[in-house]
Amino acid sequence: MKLNMQAATFLLVDDDAVGIVAVKRALRNLKISNETLVANDGRKALEILEAAVAQAGGNLPPFIITLDMHMPRMNGAEFLVEIAKHPVLKSAIVLAFDSDPFETKVCSTKEHLIAGRLCKDNTKSTLGSSLEGLEQRSTLLEYSV
């Protein structure tokens, strides 16, 4: 499995329209212009990721996923379990909304990689901090002027 060195696509996984708008606004304020997709639950997010893998010939193009933990159909914890089992999807970068610190701590101790934590009350600051902590940020992020 190889990670392509191209700009990442942001995948916003959230069933709350206000939360989606907050992340999009934070990206704009941080002058990040990467492509952004939206999934209203974990099941739809899996479909998007699997389609991207199929289109890329079995490799996962770079994705940065912002993940709400509380959603219908497939919640954030269930989504993490599914991508952890997948040999290609488990390399995705996940930034989890930390509305319940205990829940996201439990998810991360189950060998799920949560690369950063976000707070819906301060999305711009926590998103900016989480993105600053990414090793590959220089190749994953596109900035507007």
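Everything here concerns the structure above.
Attention in this report is confined to the structure presented alongside it.

Calculation criteria
- Residues numbered from 1 in each chain as written.
- Predicted model: local features only at pLDDT ≥ 70, side-chain atom pairs only at ≥ 80, totals over all residues.
- Heavy atoms only, no water.
- Helix = DSSP H or I, 4+ residues; strand = E, 2+ residues; numbered from the N terminus.
- Expected span 1.5 Å × (residues − 1).
- Buried < 20%, exposed > 50% of the residue type's maximum accessible area, 1.4 Å probe, protein only.
- Arc of directions from axis to C-beta.
- Contact = heavy atoms within 4.5 Å.
- Salt bridge = Lys/Arg side-chain N within 4 Å of Asp/Glu carboxyl O.
- Pairing = 2+ DSSP bridges.
- Right-handed = clockwise from strand over helix to strand, strands pointing away.
- Axes fitted to C-alpha atoms, helices over the stretch in contact; angles between N-to-C directions.
- Left-handed = near helix turned anticlockwise from the far one by under 90°.
- Polar contact = N/O pair within 3.5 Å; in protein donor to acceptor, adjacent residues only side chain to side chain.

## Description of helix α1 (residues 17-29)
For step 1, the next point in the chain: Along its 13 residues, α1 runs 18 Å from first to last C-alpha, staying within 8% of the 18 Å computed at 1.5 Å per residue.
For step 2, the next point in the chain: Gly19, Ile20, Ala22, Val23, Ala26 and Leu27 are the residues of α1 that are buried. Looking down the long axis of α1, one finds its buried residues gathered within 160° of arc, a one-sided arrangement. Of the exposed residues in α1, the ones pointing more than 90 degrees away from its buried face are Ala17, Val18 and Arg28.
For step 3, the next point in the chain: Lining the buried residues of α1 we find β1 (9-13), β2 (36-39), β3 (63-67), β4 (93-97) and α5 (123-132).
For step 4, the next point in the chain: Lys31 sits one or two positions beyond α1 and adopts a positive phi of about 60°.

## Things to note about the pattern of salt bridges
Should the charged atoms of two oppositely charged side chains come close, the side chains can pair.
For step 1, the next point in the chain: This model, assessed by the stated rule, comprises 5 salt bridges.
For step 2, the next point in the chain: Residue Lys120 pairs with Asp14 through a salt bridge whose shortest N-O separation is 2.9 Å. With Lys120 in the loop between β5 (116-118) and α5 and Asp14 in the loop between β1 and α1, the pair connects residues that are 106 residues apart, well separated along the chain.
For step 3, the next point in the chain: The class for Asp14 is buried, based on a relative accessible area of 3%.
For step 4, the next point in the chain: In this structure, Asp41 engages Arg73 in a salt bridge whose closest nitrogen and oxygen atoms are separated by 2.8 Å. Separated by 32 residues along the polypeptide, Asp41 in the loop between β2 and α2 (42-55) and Arg73 in the loop between β3 and α3 (76-85) bring together distant segments of the chain.
For step 5, the next point in the chain: Each member of the salt-bridge network shares a partner with another, and the members are Asp14, Asp68 and Lys120.

## Digging into the pairing of β2
For step 1, the next point in the chain: The pairing of β1 with β2 spans 4 bridges and is classified as parallel. Of the residues in β2, the one forming a bridge with Leu12 is Val38.

## A look at the pairing of β3
For step 1, the next point in the chain: With 5 of its 5 residues buried, β3 lies for the most part within the structure.
For step 2, the next point in the chain: Residues Phe63, Ile65 and Leu67 of β3 are buried on one face, and the alternating residues Ile64 and Thr66, pointing to the opposite face, are buried as well.
For step 3, the next point in the chain: Relative to β3, β1 runs parallel, the two sharing 5 bridges. Pairing of Leu12 across the sheet is with Thr66, part of β3.
For step 4, the next point in the chain: Of the crossover connections in this fold, the one passing from β3 over α3 to the parallel β4 is right-handed.

## Concerning the packing of α1 against α5
Angle between the axes and distance between the axes: these two values describe a pair of packed helices.
For step 1, the next point in the chain: Their axes nearest at 9 Å, the elements α1 and α5 cross at an angle of 60°. For α1 against α5, the interelement crossing comes out right-handed. Along its contact with α1, which presents Ala22, Val23, Ala26, Leu27 and Asn29, the element α5 presents Thr123, Lys124 and Leu127.

## Quick notes on α2
For step 1, the next point in the chain: Taking 1.5 Å per residue as the helical rise, α2 with its 14 residues ought to reach 20 Å, and the 20 Å between its terminal C-alpha atoms agrees with that figure.
For step 2, the next point in the chain: Residues of α2 that are buried: Gly42, Ala45, Leu46, Ile48, Leu49, Ala52 and Val53. Down the axis of α2, the buried side of the element spans an arc of 160°, and every buried residue falls inside it. Of the exposed residues in α2, the ones pointing more than 90 degrees away from its buried face are Ala54 and Gln55.
For step 3, the next point in the chain: Capping of α2 at its N-terminal end is provided by Asp41; its side-chain oxygen lies 3.0 Å from the backbone amide nitrogen of Arg43.
For step 4, the next point in the chain: Just downstream of α2 lies Gly57, where phi reads positive at about 70°.

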